[in-house]
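# Observations on the model geometry
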Amino acid sequence: EADIYQTPRYLVIGTGKKITLECSQTMGHDKMYWYQQDPGMELHLIHYSYGVNSTEKGDLSSESTVSRIRTEHFPLTLESARPSHTSQYLCASSAAPGYSSYNEQFFGPGTRLTVL
Amino acid sequence: QQQVKQSPQSLIVQKGGISIINCAYENTAFDYFPWYQQFPGKGPALLIAIRPDVSEKKEGRFTISFNKSAKQFSLHIMDSQPGDSATYFCAASIAGTYKYIFGTGTRLKVLA
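I will try to describe carefully the structure that is included in this document. The residue numbering used here restarts from 1 in each chain and proceeds along that chain's sequence as written. Labels follow written order: the first chain is A, the first ligand is 1, and so on. A pLDDT threshold of at least 70 governs which residues receive local features in this predicted model, and a stricter bar of 80 or more applies before side-chain atom pairs are shown or counted, although totals over entire chains, interfaces and linings include all residues. In computing side-chain values, all of the structure's heavy atoms are included and hydrogens and water are not.

A cluster of nonpolar side chains, contributed by Ile18, Ile20 and Met78 of chain B, occupies part of the molecular surface with about 240 Å² of accessible area. Only DSSP runs of H or I with at least four residues qualify as helices, and only runs of E with at least two residues qualify as strands; both kinds are numbered from the N terminus onward. Take Ile18 of chain B: it is sitting in the loop between strand 2 (10-14) and strand 3 (19-25). To count toward a patch, a residue needs a relative accessible area over 30% and no salt bridge; like charges are then connected within 9 Å, while nonpolar side chains (Val, Leu, Ile, Met, Phe, Trp, Tyr) are connected within 5 Å. Note that accessible areas follow from Shrake-Rupley with a 1.4 Å probe, and for residues the cover is restricted to the protein chains shown. Criterion for a salt bridge: a side-chain nitrogen of Lys or Arg within 4 Å of a carboxyl oxygen of Asp or Glu.

Structural data, given as structure tokens:
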């Protein structure tokens, strides 16, 4: 069982609200990722970080933002939520090769976000 | 170039049968090919992975077959069990990028 946590697990909010999805890992991994998962299953990388104060946008454009001021913490923020943001958000982490199985990514349980 | 194509989208297998999921890629720079298993309400978890220097890797009932020349790899689940019912994702990665390109997923249902 990987030590990566996401809160909340479920969130239902109204349009226009600001939200922050939390992700923490206790494995000391330097790399962390946010994925958006469609109801149809596909996983899309929306943000990643290779270490503290390092963040990059992923392959899928997203209106969300991320920060990485501590190794273990990688929160995702939506300034003004819209119904189009309704999705499952998955956080993952990995370490450099040599530390674990060739940058295996460990996933959290996800946050199911519904914007009304 | 960066896509990983996965098929079928869904699969129904009888208990004890063999489940086969296929993936194909174009980018020859990919050098790590993991398979992830995801149960409802959970995040994906690594099932088995292969590097392109071998053609097959087996762990218990799960086997990856890798065809470098055809740029294809597949997951075989032998003696499929109802507990194997889940969504399976193939992925590919390039050394040093630490990013995965995921396939579109396969929903497997094993009938008791």
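Next comes the rest of the write-up.
Okay, the pattern of salt bridges next. Applying the stated criterion across every chain yields a total of eight salt bridges over all chains. Between Lys99 of chain B and Asp59 of chain A there is a salt bridge, with the nearest N and O atoms lying 4.0 Å from each other. With Lys99 of chain B in the loop between strand 9 (86-93) and strand 10 (100-102) and Asp59 of chain A in the loop between strand 6 (54-57) and strand 7 (65-66), this pair bridges two chains. For the salt bridge of Glu72 of chain A with Arg70 of chain A, the shortest nitrogen-to-oxygen distance reads 3.1 Å. For every residue, the accessible area obtained with a 1.4 Å probe (protein chains only) is divided by the maximum for its type, and the residue is called buried under 20%, exposed over 50%, and partly exposed between those limits. Assessed through its relative accessible area of 34%, Glu72 of chain A is described here as partly exposed. Under the relative-accessibility criterion, Arg70 of chain A is labelled partly exposed at 42%.

All right, on to the sheet that holds strand 8 (residues 72-77) of chain B then. Residue and element names in this part refer to chain B. Any two strands are treated as partners once DSSP identifies two or more bridges connecting them. Here we have five strands laid out as an open sheet, ordered 1-3-8-7-6, and antiparallel in their pairing. Here the strands that pair on one side only, and so sit at the sheet edges, are strand 1 (4-7) and strand 6 (56-59). Between one strand and the next, the sheet's axes are offset by a mean angle of 15°, whatever the strand orientation. When strand 6 meets strand 7 (residues 62-67), the two strands line up antiparallel, connected through four bridges. The residue bridging Glu56 from the neighbouring strand is Ser65, located in strand 7. Working convention: axes come from line fits to C-alpha atoms, limited for helices to the stretch in contact. Angles between N-to-C directions cover 0 to 180 degrees.

Turning to the interface of chain B and chain A, a few remarks are in order. Note on definitions: a residue-residue contact is assigned when non-hydrogen atoms from the two residues lie within 4.5 Å. Contacts between the two partners involve 25 residues from chain B, matched on the other side by 25 residues from chain A. Between chain B and chain A lies a buried interface of about 2,000 Å² when both sides are counted; carbon and sulfur atoms form 57% of it. Take the accessible area each of two parts loses on contact, using a 1.4 Å probe, and add the two losses: that sum is the buried area. Among the residues chain B hides against chain A, the three largest losses belong to Tyr98, Lys99 and Tyr100 of chain B. Together they make up 31% of the total. Run the count over chain B and chain A and you get one salt bridge. Whenever two N or O atoms come within 3.5 Å, that pair is a polar contact, provided that in protein one can donate a hydrogen and the other can accept it, and provided that, for residues adjacent in sequence, both atoms are side-chain atoms. The interface formed by chain B and chain A includes six residue pairs in polar contact (both at pLDDT 80 or more). For the side of chain B that touches chain A, the secondary-structure elements that each account for two or more residues are strand 4 (33-38), strand 9, strand 10 and strand 11 (106-111) of chain B. Under the scheme applied, nonpolar residues are Ala, Val, Leu, Ile, Met, Phe, Trp, Tyr, Cys and Pro; charged residues are Asp, Glu, Lys and Arg; polar residues are all the others, including Gly. Residue composition of the side of chain B that touches chain A, by class: 10 nonpolar, 10 polar and five charged.

Let us look at the state of the cysteines. Defined by distance alone, a disulfide is two cysteine sulfur atoms within 2.5 Å. Counted under the stated rule, the structure contains two disulfides over all chains. Across the disulfide from Cys23 of chain A sits Cys91 of chain A; the S-S distance is 1.9 Å. Linking Cys23 of chain A and Cys91 of chain A, the disulfide has an S-S dihedral of approximately -75° and is accordingly described as left-handed. Remark: Cys91 of chain A occurs in strand 9 (residues 87-94) and Cys23 of chain A occurs in strand 3 (residues 19-25); sequence separation between them is 68 residues. Each member of the pair, Cys23 of chain A as well as Cys91 of chain A, is classed as buried. A sulfur-sulfur separation of 1.9 Å characterises the disulfide bridge that pairs Cys23 of chain B with Cys90 of chain B. Given an S-S torsion of about -95°, the disulfide between Cys23 of chain B and Cys90 of chain B has left-handed geometry. Here Cys23 of chain B is found in strand 3, whereas its partner Cys90 of chain B is found in strand 9, with 67 residues between them in sequence. Residue classification places Cys23 of chain B among the buried positions, given a relative accessible area of 3%. Judged by its relative accessible area of 0%, Cys90 of chain B is buried.

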